[in-house]
Structures are given as C-alpha cells and as structure tokens.
2 protein chains.
Amino acid sequence: MAQSSEKRKRQDVDGGGLGDPEVSDSHPLAGFRLQAVLKESARDKVIFLHGKVDGDSQEPQDTVVILERVPFQADAVSGLLSQRPPVTLQLKNDIYSVYHLTPPPALNEIKTTVICPATEKHIKKYLRQDLFLIHETGEDYKAVTLPFIEAQSFSIQWVYNILEKKAEADRIEYENPDPEHGFILIPDFKWNQKQVEDLYLIAICHPRGIKSLRDLTSDHLPLLRNILIEGQDAILKRYGFHGNKLRIYLHYQPSYYHLHVHFTALGHDAPGISVERAHLLHDVIQNIESDPRYYQIRTLTYALRADEALLAKFREVGKC
Amino acid sequence: MAQSSEKRKRQDVDGGGLGDPEVSDSHPLAGFRLQAVLKESARDKVIFLHGKVDGDSQEPQDTVVILERVPFQADAVSGLLSQRPPVTLQLKNDIYSVYHLTPPPALNEIKTTVICPATEKHIKKYLRQDLFLIHETGEDYKAVTLPFIEAQSFSIQWVYNILEKKAEADRIEYENPDPEHGFILIPDFKWNQKQVEDLYLIAICHPRGIKSLRDLTSDHLPLLRNILIEGQDAILKRYGFHGNKLRIYLHYQPSYYHLHVHFTALGHDAPGISVERAHLLHDVIQNIESDPRYYQIRTLTYALRADEALLAKFREVGKC
C-alpha cells in the first residue's frame, strides 16, 4: 500500500482546484467532461457516469465513474443529531415533518470508483436500459410471444444436464423423480448457502415442454402442489426454515423457458420479486383451480428492457 | 404553507448551535438523546432512530428520526467532478481505483423525517422484525382482519387534511373532485421531485370508507379506471413520463386504511413493490371485471412482522 499512501497524501491537498499546478495535474478526474449517465439508482443512491478525462496521456481517456453515498453509522449520526445540526424545513403535516439537514463534510463522503481507461465493454456493462411495461393478452401471447420463444435458439441444455444428473448432481437438495409430477430442488447460483437470510433455491420440474406460466392448466395441479408442499418440507428438514417464511413464486417472463419455481427467504430482497415479474405459486394454483384456462386467457403484465428482442416484436405489431 | 415558510426561514438561521437562544430553542431535535437504532439499510443508505427530544413541552418527547441520503442528480455531480473535488485514494488495482470524495455541503444534504411526538406504534412500525406469510381467506378477513381494523385507532386525520385542502394543498398535482369517483394525486413523501428516476406519487380517493382491496367491488370500477387513466395522463402532462414506464399498484395490507394507489417509475426499486404486498391496478380491475366479488372471496397472501398485532390475532385462531 506504499504507493496508495503516497497518492493519498498528494491528493488530500488537491482541494477544489486549489494547490499548485503539478499537484492538480495528478487529479484522477482532471478535465472531466460528462459523456453519458449510464445508470442510476435513487434507492441505492448510486450513479454510473461515462466521461472523458485528460489523464497523463496525450489523448482524452474514456472513464467510468461510479459515485455511491455511504451508509450511515449509528454512533456518528447520533452524535450529529445531538449537536443541533443546520436544518431547513421542507414540509409539516400534523406530527410529521421533513427537513434537509446539512452535515459536516467528514460525515458525508462519497465513495468514488474510477475505471480508467475504460473500454467499450466496461461502458456497456453499466449502461441502464429503459424499461417498458407490456400488457400481454392471451392473443398477444399466441401471435407475438409464442412464435418469438419458438424461434429463439437459447439453449437450455444446462437444465437437462441437471435433470439427467450429468451436472451439479452433488448440489441436488431434494428430488421427486416422477417424470410427470416430479421435480429437482437445487440451490440457486446467487446463494452461497452460508446463511439462511438470503436463502434461494430453485425447483426445476421433470416434465419437459412446459415453457412458462402460459402453458399451465389443471393438468399441472398435481405437479404444482408437489413443488409447493414437498419443496417447503425439504427446506424445513434441511435448513430448519419454515414455509411461512418463504416466498415461493414463478417469473413471467422467465429467464429460460423450462418451468421452474423460485424459493427465497421472505426477508431477502432478492432480484425479480417485484409485482410486475413474480407470481406466487399459491396464487397460481388458486387461479387455475378457479379457472383451468386462466393462464391461457388472462392479460399478464411484465416489463421488458429497451434492447430486448421481444419488445421489438411487440413494437412491430404496434403494441408498445 | 404560511406556517411552514416562516418556520423554514427561522430554522435556516439555526446553524450548528449558533444564533440566538430563542431561535435555537425551535430546533426540532433540541436535546436529542438516542434510545435505539430501530432499523438500518446499508443498501438504501437509510437509518431509523428512536430518540428523546426536549421539544416545547415540559417532558422529553419520544421521537422517530429517519435519516436518508439523497439520490444523485446527474447535472450537479457532473459539474462537481469537472471542478477537481477533494479526493482521497483508498485503493488502486490496474485500471480500477477507489477514492473518498468530499463534496460541498449544498450537494450533500440528508433528508430528515421527524415524527414527534411518536407513539409506541410509530416506534414499533420502524423496528426491524422477522416476517411471516399469511394466507388470508375471505372468511379470515371477516373473522380476524376486519374486526382488527375496526378496533384499531390509528389516525388517518392527515389523509382527511389533504382531501379537505387543510394541509399540503400546494403539493396537489391533479384532482378529480367527484366525491364518489374522484381522487387527489400528490407526490409521496419518499420522493423529492427532483428527478423522475424515482418518481413516486399517490392517488388518494375522495370517497371515504373504502378501507382496502378487500372492499372493492364492481361499484368501484369507475373510480379505479379514473385513477388509472387520469393518473397516467396527469403524470405524462406534468413530468413527460409515459404510462408504459409506470408501475401502478395497491398494497395489501396497506399502511393506512383509506384506499390509495401508488404510482412509481418502473425502473425504481421502490419499497413495497414485492409480489407479496403489491397488486397491479391493471390486474385489480381485470379481476373485478371477471368476478365482482373477487376480493371478498379470494385468498390473499401477505407478510406480517413478528410484532404486528394482526399476526397475534391470526395466531390466536391457530392460523399461523
């Protein structure tokens, strides 16, 4: 860390364009010009920028800058609040009020990650795509979505490898081997299995050809009930994690077209649990019980990214 | 907002314990002592504190303080980066480096929500708790949930203040004044209205007595369609934000029992959008169209925190 310490010392001095020219030249963002906002998250308080900086070379260099606000530390903020920090009232209603509080600089750093020089690939990696909501009717599914799924060549060989025990056989947590009503339960790759707080398993059904929610009818109720009941039992036995603390759901659209069900810890804010993508297995069973053709006739709502081929198909027919 | 404006002016002056004693006494956090950290999220950069403040009364008052870092605004940070802000190197590896950047105070406010005096219920509301899933049948609603709602005394005076223009009248974005099929559209407290990336508005219906999803029947279809269509129109006109980029939904259970609908930007990972809490308005309308008594007879699934009184009620009848 010798090099870092030295740099740190030099750049500490470089405050807001002050200091001698030599020191200023070492600023990692010298001459920064914004090219594009790649992505931002208001919830996470993070922003990804593509910019040009002058750097040490002759040519301006492409740079990705990631700015992220830092989490609060209880001790520090408690001390701050007790010292009457400057506040500006924004609104007041009954017992609720909202202020803007200006903290001292030391409590308010921004974590700044710089990738320089950044390649085209780095820039694309962080580029956020706009999302568009699709309301897919049963007719839309038959006319647009189904032909799209059938024409795509996205391989699901890796799924068949699991089902045939050609891969990941040692990761299987539970199996009902029935070819029509059975399934394999396996940890999702996103879960490291070290703590149950972010528990995440997947049930992959044995029967082939059930592409998604749209194919489900009353014929599949025994399969769905097996996944719901046996999946919960297996997780309780293996992890001591009770079914009433599990979120059990399907995605529509799914990321691959072989029916599978997600099991995640209810307290875990897993990706893909939002209302426009997830469908609770409990509700799916209830819907099919009340109308066996529910998923063939129903309008289903989901989001597509601007660069997705399916969105282009919907645009061709004037549906988005 | 006359009162607020005056207060705002006074508190602007009250910087860090400076100023004359009279002005200092008006500080909303005067004498703050931390009682407990109720909850915190490193991802969201938010912390919920329970404290005592001296306030205007004789007795110290229980107060909930919510501190949240604000999202970045692209223009402001781009300007900041071009001006060689003070940075401190933390680590460097190949093309990747990480710095701490100290921004000027104006770019670095903390949104501070104060609830004072806070009741036991407010404090509990923000305390992190285990979650349990409830599958509430139509009978459960009538036998357990409805009596619970009717017995609770959680005030919704602040909602009536908005509907009667006694508070926040200057924040109203759109109104359909029809007492039976009308509503008011207003920005949610969580949104600072500075960027559309985390757009968040609430439609509060004019008719009173519609507690939640469970009360909705075909009688309410005109109201729901008004909210869906006019809400999208108003947001398009005001913010240039198209309806196919909006997530429009109700919560069940809601946080207060006067019917309201959430409008959030589809790209914004807002709290409360997960499948076990959110119900797309588009789906709600479709469900009632297919069965006018859908929300009276349907099993609805949702999560309750370990400390919630409603969970205790379900446990009393052996349902959880």
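Residues numbered from 1 in each chain as written. Chains lettered and ligands numbered in written order. Predicted model: local features only at pLDDT ≥ 70, side-chain atom pairs only at ≥ 80, totals over all residues. Heavy atoms only, no water.

### Details of the packing of aromatic side chains
Okay, so step 1: What the rule picks out here adds up to 12 aromatic pairs over all chains.
Okay, so step 2: When the centroid spacing of 5.7 Å and the interplanar angle of 45 degrees are considered together, the rings of Tyr174 of chain A and Phe183 of chain A count as tilted.
Okay, so step 3: Note on Phe183 of chain A: relative accessible area 0%, which makes it buried.
Okay, so step 4: Relative to Tyr302 of chain B, the ring of Tyr252 of chain B lies with its centre 5.3 Å away and its plane at 85 degrees, an arrangement referred to as edge-to-face. (Phe/Tyr/Trp six-rings, centres within 6.5 Å; stacked < 30°, edge-to-face > 60°. Buried < 20%, exposed > 50% of the residue type's maximum accessible area, 1.4 Å probe, protein only.)

### Some thoughts on the interface of chain B and chain A
Okay, so step 1: With 111 residues of chain B in contact, the opposing surface of chain A contributes 103 residues.
Okay, so step 2: Between chain B and chain A the total buried area reaches about 10,400 Å² when both faces are included, carbon and sulfur atoms providing 58% of it.
Okay, so step 3: Ranking the residues of chain B by area buried against chain A places Arg69, Phe72 and Arg84 of chain B at the top, with a combined share of 9%.
Okay, so step 4: Counting across the interface, chain B meets chain A through 8 salt bridges.
Okay, so step 5: Two residues, Asp44 of chain B and Arg43 of chain A, come together in a salt bridge whose shortest N-O distance is 2.8 Å.
Okay, so step 6: Of the residues in the side of chain B that touches chain A, the class split is 53 nonpolar, 31 polar and 27 charged. (Contact = heavy atoms within 4.5 Å. Buried area = accessible area lost by both parts, 1.4 Å probe. Salt bridge = Lys/Arg side-chain N within 4 Å of Asp/Glu carboxyl O. Nonpolar A, V, L, I, M, F, W, Y, C, P; charged D, E, K, R; others polar.)

### Let's talk about unusual backbone geometry
All names here are of chain A.
Okay, so step 1: At the junction of Cys116 and Pro117, the peptide bond is cis and its omega measures out at -5 degrees in the coordinates.
Okay, so step 2: Following the sequence through the fold, Pro117 ends up in the loop between strand 6 (110-115) and helix 4 (120-125).
Okay, so step 3: The linkage connecting Tyr252 with the following residue, Gln253, adopts the cis geometry, with an omega of -5 degrees.
Okay, so step 4: Looking at where Gln253 falls in the secondary structure, it is placed in the loop between strand 11 (246-251) and strand 12 (260-265). (Helix = DSSP H or I, 4+ residues; strand = E, 2+ residues; numbered from the N terminus.)

### Quick look at the UniProt feature "active site" (unreviewed entry) in chain A
All names here are of chain A.
Okay, so step 1: The UniProt record annotates "active site" (unreviewed entry) at His260.
Okay, so step 2: Among the structural elements, His260 can be located in strand 12.
Okay, so step 3: The buried category is assigned to His260, whose relative accessible area is 5%.
Okay, so step 4: Residues contacting His260, with those up to four places away along its chain left out, are Ile202, Ala203, Ile204, Leu250 and Pro254.
Okay, so step 5: A distance of 2.8 Å separates the side chain of His260 from the backbone oxygen of His258, its partner in a polar contact. (UniProt positions renumbered as here; feature names shortened; annotations may be inferred. Polar contact = N/O pair within 3.5 Å; in protein donor to acceptor, adjacent residues only side chain to side chain.)

### Observations concerning the domain arrangement of chain A
Accessible area lost when the parts come together is the quantity often used to give the size of an interface.
Okay, so step 1: When the domains of chain A are assigned, the result is domain 1 (2-125) and domain 2 (131-316).
Okay, so step 2: Centre-to-centre, using C-alpha coordinates, domain 1 of chain A lies 40 Å away from domain 2 of chain A. (Domains from an automatic or database assignment.)

### Structural notes on the nonpolar core
Okay, so step 1: One finds Leu199, Leu216, Ile235, Phe263 and Leu281 of chain B to be the most contacted residues of the largest nonpolar core, which totals 76 residues.
Okay, so step 2: Considering every element that reaches this core, the biggest residue donor is helix 7 (residues 221-239) of chain B, with 8 residues.
Okay, so step 3: For this core, the domains that each give at least three residues are domain 1 (2-114) and domain 2 (129-316) of chain B.
Okay, so step 4: If we ignore the near neighbours within four places in the chain, the residues touching Leu199 of chain B are Trp191, Ile235, Tyr239, Phe241, Leu246, Phe263, Thr264, Ala265 and His268 of chain B.
Okay, so step 5: In this structure, Ile210, Ala265, Ile288 and Phe314 of chain A belong to the second largest nonpolar core, which totals 63 residues. (Core = buried A, V, L, I, M, F, W, Y, C linked by side-chain atoms within 4.5 Å.)

### Topic: the packing of helix 7 of chain B against helix 8 (residues 281-290) of chain B
All names here are of chain B.
Okay, so step 1: At their nearest, the axes of helix 7 and helix 8 sit 10 Å apart, and the two run at 155 degrees to each other. Regarding the angle of helix 7 to helix 8, the classification is roughly antiparallel. Helix-helix and strand crossings are classified by hand; for helix 7 and helix 8 the assignment is left-handed. Touching Leu221, Leu224, Arg225, Ile227 and Leu228 of helix 7 are Leu281, Val284, Ile285, Ile288 and Glu289, all from helix 8.
Okay, so step 2: Residues that form the contact of helix 7 with helix 8 fall into these classes: 8 nonpolar, no polar and 2 charged. (Axes fitted to C-alpha atoms, helices over the stretch in contact; angles between N-to-C directions. Parallel < 35°, antiparallel > 145°, perpendicular 65-115°, else oblique. Left-handed = near helix turned anticlockwise from the far one by under 90°.)

### Examining the pattern of salt bridges
Okay, so step 1: Within the structure shown, the criterion is met by 34 salt bridges over all chains.
Okay, so step 2: Between Arg214 of chain A and Glu136 of chain A there is a salt bridge; the shortest N-O distance is 2.8 Å. Residue Arg214 of chain A is located in the loop between strand 10 (200-205) and helix 7 (221-239), and its partner Glu136 of chain A is located in strand 7 (residues 131-136); the two are separated by 78 residues in the primary sequence.
Okay, so step 3: Glu173 of chain A is the salt-bridge partner of Arg238 of chain A, the closest N and O atoms lying 3.1 Å from each other. Of this pair, Arg238 of chain A sits in helix 7 while Glu173 of chain A sits in the loop between helix 6 (157-163) and strand 8 (174-176), and the two are 65 residues apart along the sequence.
Okay, so step 4: Look at Glu173 of chain A and you get buried, because its relative accessible area is 18%.
Okay, so step 5: The network of salt bridges with shared partners includes Arg43 and Asp269 of chain A together with Asp44 and Asp269 of chain B.

### Concerning empty space enclosed by the protein
Okay, so step 1: Applying the stated criterion across every chain, the model contains 4 cavities of 30 Å³ or more.
Okay, so step 2: Here the largest cavity is characterised by a volume of approximately 440 Å³.
Okay, so step 3: In terms of lining residues, the largest cavity is bounded by 27 residues, among which His279 and Asp283 of chain A together with His279, Asp283 and Asn287 of chain B are the most central.
Okay, so step 4: For the lining of the largest cavity, the elements supplying multiple residues, two or more each, are strand 13 (278-280), helix 8 (281-290), helix 9 (294-297) and strand 14 (300-305) of chain A together with strand 13 (278-280), helix 8, helix 9 (294-297) and strand 14 (300-305) of chain B.
Okay, so step 5: Split into classes, the residues belonging to the lining of the largest cavity amount to 14 nonpolar, 8 polar and 5 charged. (1 Å grid on protein atoms, 1.4 Å probe; cavity = no way out; pocket = protein on both sides within 12 Å on 5 of 7 lines; lining within 4 Å. Points joined across faces, edges and corners; volume = space filled by probe spheres on them.)

### Some thoughts on helix 5 (residues 138-151) of chain A
Two residues of an α-helix separated by three or four positions point the same way, owing to the 3.6 residues in each turn.
All names here are of chain A.
Okay, so step 1: Helix length check: helix 5, at 14 residues, gives a terminal C-alpha distance of 19 Å against a target of 20 Å (1.5 Å per residue), a fit within 8%.
Okay, so step 2: Taken as a whole, helix 5 carries its principal kink of about 35 degrees at Thr145; the proline Pro147 stands between one and four residues after it.
Okay, so step 3: Listing the buried residues of helix 5 in full gives Gly138, Asp140, Tyr141, Val144, Thr145, Leu146, Phe148 and Ile149.
Okay, so step 4: The secondary structure elements touched by the buried residues of helix 5 are strand 7, helix 9, strand 14 and helix 10 (309-316). (Expected span 1.5 Å × (residues − 1). Bend = angle between axes of the 7 residues up to and from the residue.)

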